[in-house]
Each structure stands twice: as structure tokens, then as C-alpha cells.
Amino acid sequence: MKVLRVQTIASKSKDAAIPVMFVRGETEQPGITTVQGVNLEVPIIDFSDPDEGKVMHEILEASRDWGMFQIVNHEIPSDVIRKLQSVGKMFFELPQEEKELIAKPAGSDSIEGYGTKLQKEVNGKKGWVDHLFHTVWPPSSIDYRYWPKNPPSYRLV
């Protein structure tokens, strides 16, 4: 049975209308909701704070109240973040058949692999995303079956 993925629907929708249940209102569309600049309203958590209990509390509170937060002073170099974003983008631009090579097995309880998720409905609109999850730490838990071979730089980053 062929699994219906977001990319498949989107590629067929160039000449057809996207089902209205997936179309967000103008104020919710990415160009408007994507964070720009440095003036953020979401909680900002400083990982350099030596008070680990305070940091944990801030993470829990931001997760509960906002569902997201920004981390500063995490010591991950900007160039590493850019490389990760770049290879992620390259992976999701691959042909569907290529991404299916590392798909989550049907009926699996594991989070690892490429898959599709129909998220809960918000304001009458459904959220539908394709995703790729795999373990990155600890090294003994990494299962490279779910790490793409393409783009070739994915595993290097």
C-alpha cells in the first residue's frame, strides 16, 4: 500500500486546488508567522546560566505555556546550524522514492524514520507534515538505517 505524503499531494496540487481543510488563513501563513530579526516574543532560555534548576524550570514553563522557546548561549557554532539546515532542506527536496528508502516501518511504534503526520486540528484547519526523526545521542543508540545516504553530506554534518 502506497503511503500518501504531503509532497505527493502538493506536487499534484499545482493544477488542482489544495483541500480547504489544509489552507491556513492569511495571518497564519509562513511569510507572516516566520520569526524575523532578533525581536522575539517567545521565551528565551540562556544555557550559560549556571543555575541548572532555573534553566530546567524555564524549559518546562516555556514548553507548557508556549510549546516552543529559543535557546541562546548553547555553544553550537552558527556554521554547524547552517549546515544542518542546508542538508535537511536538501533531504526534503529529494524525490519521494528516495525519502521512502528510510521510511518508518508501517505499524512501528518507533519515532525513527521518514514519515507523515496529520497533526491535531487548530481553528478548523489540519496540520499535515512530512518529517524525519532519528536518534543522534548517545552514539550507542544511533541506528543508521534511518539516516539518509543522500544528500551525501547528511551524515558528515
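Source: prediction; values computed, not measured.

Participant: Account for the overall build of the protein chain, naming residues and giving values.
Facilitator: Within the protein chain, the secondary structure is distributed over five helices and four strands. The helix and strand sequence of the protein chain, counted from the amino end, reads α-α-β-α-β-α-α-β-β. For the protein chain, the proportion of its 157 residues judged to be buried stands at 20%. Excluding contacts between residues fewer than 6 apart, the proportion of contacts in the protein chain whose partners are at least 24 apart in sequence is 52%. Surface summary for the protein chain: the accessible area is close to 11800 Å², and the carbon and sulfur share equals 58%.

Participant: I'd like a rundown of helix α4 (residues 78–92), residues and numbers included.
Facilitator: In a regular helix each residue adds 1.5 Å, so 15 residues correspond to 21 Å; α4 covers 21 Å between its end C-alpha atoms and thus fits that length. Turning to α4, its buried residues number three or more, namely Val 87, Gly 88 and Phe 91. The buried side chains of α4 occupy one side of the element, clustering within an arc of 105° when seen end-on. In α4, the exposed positions angled more than 90 degrees off the buried face are occupied by Arg 82, Gln 85 and Lys 89.

Participant: Which residues make up the pattern of salt bridges, and what values go with them?
Facilitator: On inspection of all chains with the given rule, the structure shows five salt bridges. Among the salt bridges present, the one from Asp 65 reaches Arg 64, with a minimum N-O distance of 2.9 Å. Of the charged contacts, one joins Lys 89 and Glu 93 as a salt bridge, the two residues approaching to 2.4 Å between their closest N and O atoms. Here the two residues Lys 89 and Glu 93 agree in accessibility, since each one is exposed. Linked through salt bridges whose partners overlap, the residues forming this network are Asp 49, Lys 54 and Glu 58.

Participant: Could you give an account of the packing of aromatic side chains, naming the residues involved and the relevant values?
Facilitator: Enumeration according to the criterion identifies six aromatic pairs in this entry. Here Phe 91 and Tyr 154 contribute two aromatic rings whose centre-to-centre distance is 6.5 Å and whose plane-to-plane angle is 55°, an arrangement assigned as tilted. Here Tyr 154 lies in the segment after β4 (125–133) and Phe 91 lies in helix α4, a separation of 63 residues in the sequence. A relative accessible area of 13% places Tyr 154 in the buried class. Aromatic ring contacts, followed pair by pair, group Phe 91, Phe 92, Tyr 114, Tyr 144, Trp 147 and Tyr 154 into a single cluster.

Participant: Give me the lowdown on the side chain of Asp 49, citing residues and values where you can.
Facilitator: Summarising the element assignment, Asp 49 is placed in the loop between β1 (44–46) and α3 (52–65). A polar atom in the side chain of Asp 49 sits 3.0 Å from the side chain of Lys 54. Apart from residues no more than four positions distant in its own chain, Asp 49 is found in contact with Lys 54 and Val 55.

Participant: I'd like to hear about the nonpolar core, residue by residue, with values.
Facilitator: The biggest cluster of nonpolar side chains holds nine residues, and these are Val 87, Phe 91, Leu 94, Ile 102, Tyr 114, Leu 132, Ile 142, Trp 147 and Tyr 154. The contacts of Leu 132, once residues within four sequence positions are left out, are Phe 91, Phe 92, Ile 102, Gly 113, Tyr 114, Tyr 146, Pro 148 and Tyr 154.

Participant: How would you summarise α3 if you had to cite specific residues and measurements?
Facilitator: With 14 residues, α3 ought to run about 20 Å at 1.5 Å a step, and its terminal C-alpha atoms sit 20 Å apart, in line with that. At its buried positions, α3 is contacted by β1. Its side-chain oxygen at 3.2 Å from the backbone nitrogen of Gly 53, Asp 51 defines the N-terminal cap of α3.

Criteria and cut-off values
Sequence order sets the numbering: in each chain, residues are counted from 1 along the sequence as written. This being a predicted model, a pLDDT of at least 70 is required before a residue's local features are given, and a value of 80 or more before pairs of side-chain atoms are given or counted; all residues contribute to the totals for chains, interfaces and linings. Values reported for side chains reflect all heavy atoms of the structure, with hydrogen atoms and water molecules removed beforehand. Strands here mean DSSP runs of E at least two residues long; helices mean DSSP runs of H or I at least four residues long; both are numbered from the N terminus. Working definition: with a 1.4 Å probe on protein chains only, accessible area under 20% of the residue-type maximum means buried, over 50% means exposed, and in between means partly exposed. Residue contacts are defined here by distance: any two heavy atoms, one from each residue, within 4.5 Å place the two residues in contact. Methods summary: accessible areas were calculated by the Shrake-Rupley approach with a probe of 1.4 Å, and residue burial reflects only the protein chains presented. To estimate how far a helix should reach, multiply one less than its number of residues by 1.5 Å. Relevant arc is that of directions from the helix axis to the C-beta atoms, nothing else. Within this document, salt bridges are pairs made up of a side-chain nitrogen of Lys or Arg and a carboxyl oxygen of Asp or Glu, the two lying within 4 Å of each other. In summary, the pairing rule links any two rings of Phe, Tyr or Trp, Trp by its six-membered ring, whose centres are within 6.5 Å, and it sorts them by plane angle into stacked for under 30 degrees, edge-to-face for over 60 and tilted for everything else. Counted as a polar contact is a pair of N or O atoms within 3.5 Å, where, for protein atoms, one must be capable of donating a hydrogen and the other of accepting one, and residues adjacent in sequence contribute only when both atoms are in side chains. Among buried residues, the Ala, Val, Leu, Ile, Met, Phe, Trp, Tyr and Cys ones that are joined through side-chain atoms within 4.5 Å form a nonpolar core.

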